[in-house]
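# Breakdown of the fold
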Amino acid sequence: YGVYYNNEGNGTFTKAETIILPQVKKGMVSLVDIDNDNDLDFVVVGDYVKPTLYKNKYPEGAGIVVLPPFPEPEEVALVEFSEVEAPVNGTAAFPINLTAGGAAWGDYDNDGNLDVLIWGVYESDGAPLTRLYRNNGNGTFTDKSNDVLGPSFPKIAKGAAAWFDYNNDGNLDLIVSGAKNISSEPTQQETVTKLYTNDPLVGNMLIEEVTMQNLFPPFDFEKTGGTARNIAIADYDNDGWQDILFCSRHTDVDFDATERRFEIYRNKAGTTFELQPNTGLVAGNGGGVAWGDFNKDGYQDILFSSYRDNVEGGYRSGVFVNNGNGTFTEKLFYLNGEDYGHPDDGQRPFGTETGEVTWVDVNADGYLDAIITGSGNMYKFSGDFRTYPEWGWEWWKTALFLYNPANNAFDGGLLQEMFTRIGGTCESGVTWADLNDDGLPDVITSGQHEGNAVNYNTSNGVFNRQGLGKNFQQGSITVIDYNKDGKLDILATGQEGVALFRNESSITPATPAVPGGLTATSNADGELTLSWTAASDPTVRYNIFAKKAVSAYSSLIIGLVPADEATGALKVSYDHLALLSASSYALKGIAGGEYTVGVQAVSINGKTSAFATTTVTVGGSSGEGTSVDKTLPGSFAAYRSGDNIVVSTDITDMAELTVYSITGAKVWSKTGALAGVTEISGLQQGAVYLVAIRVGGSIEVRKVAL
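Per chain, residue numbering runs from 1 following the sequence as it is written. At least 70 in pLDDT is required for a residue's local features to be given in this predicted model, at least 80 for side-chain atom pairs to be given and counted, and no such filter applies to totals for whole chains, interfaces and linings, which use all residues. The side-chain numbers reported here are obtained from all heavy atoms of the structure, hydrogens and water having been left aside.

A count of helices and strands for the chain gives zero helices and 53 strands. Here the chain holds 706 residues, and 57% of them are scored as buried. Summarising the internal contacts of the chain: among those between residues at least 6 apart in sequence, 56% fall at separations of at least 24. The protein chains shown are the only cover counted for residues, whose accessible areas, like all others here, come from Shrake-Rupley with a 1.4 Å probe. Accessible surface computed for the chain: about 26700 Å², of which carbon and sulfur atoms make up 47%. Helix and strand definitions follow DSSP, with helices as H or I runs of at least four residues and strands as E runs of at least two, each counted in order from the N terminus. Using a 1.4 Å probe on the protein chains alone, a residue whose accessible area is under 20% of its type maximum counts as buried, one over 50% counts as exposed, and one in between counts as partly exposed. Whether two residues are in contact is decided by their heavy atoms, any of which lying within 4.5 Å being enough.

Right, let's talk about the pattern of salt bridges for a bit. Salt bridge criterion: a side-chain nitrogen from Lys or Arg within 4 Å of a carboxyl oxygen from Asp or Glu. In total, this model carries eleven salt bridges according to the counting rule given. The partner of D111 in a salt bridge is R134, with the nearest N and O atoms 3.3 Å apart. Taken together, the residues D111 in the loop between β7 (98–106) and β8 (115–122) and R134 in strand β9 (residues 127–135) connect sequence positions 23 residues apart. You can call R134 partly exposed: its relative accessible area is 28%. A salt bridge links K487 to D485; the shortest N-O distance between them is 4.0 Å.

This part covers the pairing of strand β35 (residues 453–457). With five of five residues buried, β35 lies mostly within the body of the structure. Here β35 shows a buried face lined by A453, N455 and N457 and a second buried face lined by V454 and Y456. In this analysis, strands are considered paired if DSSP registers two or more bridges between them. Here β35 runs beside strand β36 (residues 463–467); their pairing, made up of five bridges, is antiparallel. For V454, the partnering residue across the bridge sits in β36 and is Q466.

The three strands are arranged β47-β48-β51 in an open sheet whose pairing can be described as antiparallel. Looking at which strands have only one partner, the edges of the open sheet turn out to be β47 (636–641) and β51 (676–680). The average undirected angle you get between the axes of adjacent strands in this sheet is 20 degrees. Relative to β51, strand β48 (residues 644–649) runs antiparallel, the two being bridged by five bridges. Bridge assignment links V646 to a residue of β51, and that residue is E679. Axis definition: a line fitted to C-alpha atoms, over the contacting stretch in the case of helices. Angles run 0 to 180 degrees between N-to-C directions.

Further remarks concern the sheet that holds β8. Taken together, four strands build an open sheet; the order of strands is β7-β8-β9-β10 and the sheet is antiparallel. Because the sheet does not close on itself, it has two edges, and the strands there are β7 and β10 (141–143). Ignoring which end each strand starts from, the neighbouring axes of this sheet average 25 degrees apart. In this sheet, β8 lies alongside β7 in antiparallel orientation, the contact comprising seven bridges. What sits directly across from W105, in β8, is V116.

Among the eight residues of strand β21 (residues 285–292), eight are classified as buried, and the element is accordingly described as predominantly covered. Here six bridges tie β21 to strand β22 (residues 301–307), and the two strands are oriented antiparallel to one another. Its bridge partner lying in β22, G288 is registered against S305.

Take the buried residues of types Ala, Val, Leu, Ile, Met, Phe, Trp, Tyr and Cys, join any two whose side-chain atoms come within 4.5 Å, and each joined set is a nonpolar core. Counting 78 residues, the largest nonpolar core has W163, L528 and Y595 as the members making the most contacts within it. With five residues, the single largest contributor to this core is strand β45 (residues 593–602). If sequence neighbours within four positions are ignored, W163 has contacts with A104, W105, G106, Y108, L117, L132, L172, D173, L174, L206 and V572. Of all hydrophobic cores here, the second largest spans 19 residues; its members include A638, V647, Y689 and V691.

A separate point is the packing of aromatic side chains. Side-chain rings of Phe, Tyr and Trp (the six-membered ring for Trp) are treated as a pair once their centres are within 6.5 Å; stacked means planes under 30 degrees apart, edge-to-face means over 60, and tilted covers the remaining angles. As enumerated under the stated definition, the model contains 23 aromatic pairs in all. Note on F246 and Y265: the rings are 5.6 Å apart at their centroids and 85 degrees apart in plane angle, and the pair reads as edge-to-face. Highlighted residues: F246 in strand β18 (residues 243–251) and Y265 in strand β19 (residues 258–267), separated in sequence by 19 residues. Look at F246 and you get buried, because its relative accessible area is 0%. On the basis of relative accessibility, which here comes to 3%, the residue Y265 falls in the buried class. When the centroid spacing of 6.3 Å and the interplanar angle of 55 degrees are considered together, the rings of W291 and F328 count as tilted.

Before going further, it helps to examine the environment of L632. Position of L632 among the secondary structure elements: in the loop between β46 (612–618) and β47. Sequence spacing of L632 and E700 is 68 residues, and the spatial spacing of their C-alpha atoms is 7.4 Å. If we ignore the near neighbours within four places in the chain, the residues touching L632 are I651, I693, V695, S698, I699 and E700.

Of note, N238 is a non-glycine position whose phi angle comes to about 60 degrees, a positive value. Topologically, N238 is positioned in the loop between β17 (231–234) and β18. According to the relative accessible area criterion, N238 is buried, its value standing at 3%. The phi dihedral of N310 is positive, around 65 degrees, even though this residue is not glycine. Relative to the elements of secondary structure, N310 occurs in the loop between β22 and β23 (315–322).

Structurally, S581 can be placed in the loop between β43 (555–559) and β44 (584–587). Each residue touching S581, except ones within four places of it in the same chain, is listed here: D293, K296, L368, R541 and Y542.

The next subject is the side chain of D239. Note that D239 resides in the loop between β17 and β18. On the basis of relative accessibility, which here comes to 8%, the residue D239 falls in the buried class. In protein, a polar contact means a hydrogen-donor-capable atom and an acceptor-capable atom, both N or O and within 3.5 Å, with residues adjacent in sequence counting only if both atoms are side-chain atoms; elsewhere, any N or O pair within 3.5 Å suffices. Looking at D239, its side chain comes within polar contact range of the main-chain nitrogen of W241, at 3.1 Å.

Once that is clear, we can look at the confidence of the model for the chain. When the pLDDT values of the chain are averaged, the result is 80; 77% of them are 70 or greater. Contacts of residues 60–70 to residues separated by more than four positions or lying in other chains number 29 contacts, the stretch itself having pLDDT below 50. Within a predicted model, pLDDT stands for the predictor's per-residue confidence, ranging from 0 to 100. Across residues 621–629, where pLDDT falls below 50, the model places 27 contacts with residues more than four positions away in sequence or in other chains.

Attention now moves to the environment of Y236. Tracing the chain through its elements places Y236 in the loop between β17 and β18. For the pair Y236 and W291, spaced 55 residues apart in the sequence, the C-alpha separation amounts to 8.8 Å. In this view, Y236 contacts D243, I264, R266, Q276, W291, Y299, N322, G326 and F328; residues no more than four positions away in its chain are not counted.

Summarising the element assignment, L195 is placed in strand β14 (residues 191–199). Taking the C-alpha atoms as reference, L195 lies 5.8 Å from L174; in sequence the two are 21 residues apart. Not counting the four nearest positions on each side in its chain, L195 is found in contact with F164, Y166, L174, I175, I207, E208, E209, M212, F216 and F273.

Dropping the structure here:
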């Protein structure tokens, strides 16, 4: 511990209660007049605290009084959480001891309740698993892992998954990527990436998008921890279609080479994705990625931390600043070696792996700050370490905050670190939300060492820690309102299981006001600009949508984050969303027509307002959105005839006709010009089948019982 004693001049000393020194081990104190004011200042060094200067703030003769730079956390309201013991149908738990995995929440069946996909290594048998749980709306979940037409979900670990509406039809689709087996040798791991289309015509069953099955390379994410968010979704070019960012490792089909990847697949109007060359992104993986408009220019930027090949030390972190033209400019983060006990190192870049990153406005000034967790080449207040002589820095489990100054200067260079008393963690997850509704974002961490806690933000920027009571190393952590009581709950996955923590607080979070002053303008080039009045609360962010009818049966629904236009409820989990920080947004090159547009406010407590709406006519017809019509170019019928299924259609285009069992297994298929009558025999009597016909991006399904 550290104590300051004042010499009373009579041979005795008195402990100065107002001078708070850090607790150190193997430390020392050095006196120095650092500012040449003839008053002695001093420096404290040692384990558990970075070298810290204490300046003498009082004039000569007034006694020695120093002001420590690290304040103690203030008292704040803590939220009581209780673990839900039997969330699966009220009788069973989620999978236990699930490592190298994560969870992704999304309302895939549009019933207003968030469902969850969970994946990872099931430690009881060492094999990967993937499960889809449907939220029943009564606080329980039902395993719906067979709600897939065609092959079931790949069982993955060391991977990632994300819900998003890639075809803008108002239904959440799914991308899943990872390793199908676990091996310490990268070249022995079989990896997979699959995209699933959500079709409401068959009860929101997920259909493997076979037309894109070889489009994405099979990825794994190399490390066993902190991998749940290395797929990130955002509309990076403001064209109204959600794009995919991968920060991963690709092993080639012959298992004889691997390479790190950091790349964007651009959404081509819901019909395919296209790898974008020459973006300015630099290959790396092992850390984490997150989208956020940190400089409020209306374009989503990328926060990252990763390991790179062929660079000194390997680790890098920073921001890829979106230039608005399909390219990015890299701005690396640097720490000052002298501040961390390495005066000869100068300013060095740093980074992490086996962790996650996230944007969060930690000091509630309206500008996104950064959190970086994981293991890497940097000093930390506590934790284990090993040295890298060629780098001269140390391997620490980190939980680092970096300030974004209000002048938008957060674009690389030497950054201000915030001492928060949040413990370091690796093989970790990190997320945030205002859990106690005090206007400040709290931070939730999981992982090895000092993770697995809710850290409550106080008005002086220091956090109070509340442990979760379990170890969720090699897992993930998310915040959601799973039971729709208006309060955010926590789902953690990791070594000690998959645990759902229900928020038992009596606090009723406030709902943000509907944004006012919404206007919408367009031009002949298909550019649609929305503007509205900014909220008085600088932490509020915004979501928008633009919707137009394509036919009597379908609509084009553009949105930053999928949400119910009628209620304002988000269709995905609250954390890590690519929302807007500014009070205007421009969509570019969208299809001409009559649109209903809207904007909603999203509070840091997870609550959303309803949408303010208006209508606008967009000129031009060259936008890619015209391909969204999901209706077939003709009629299609399927029915029983004796022991067979008969299909009748007048569609003359090339089509794919497929018969699935009710469990999703493909039992019959034919591709070609199918106009006329097709009779399908050899099927099991008494069984129920789903008959699907696909023409391009359009699909319809009929159910037939034999």
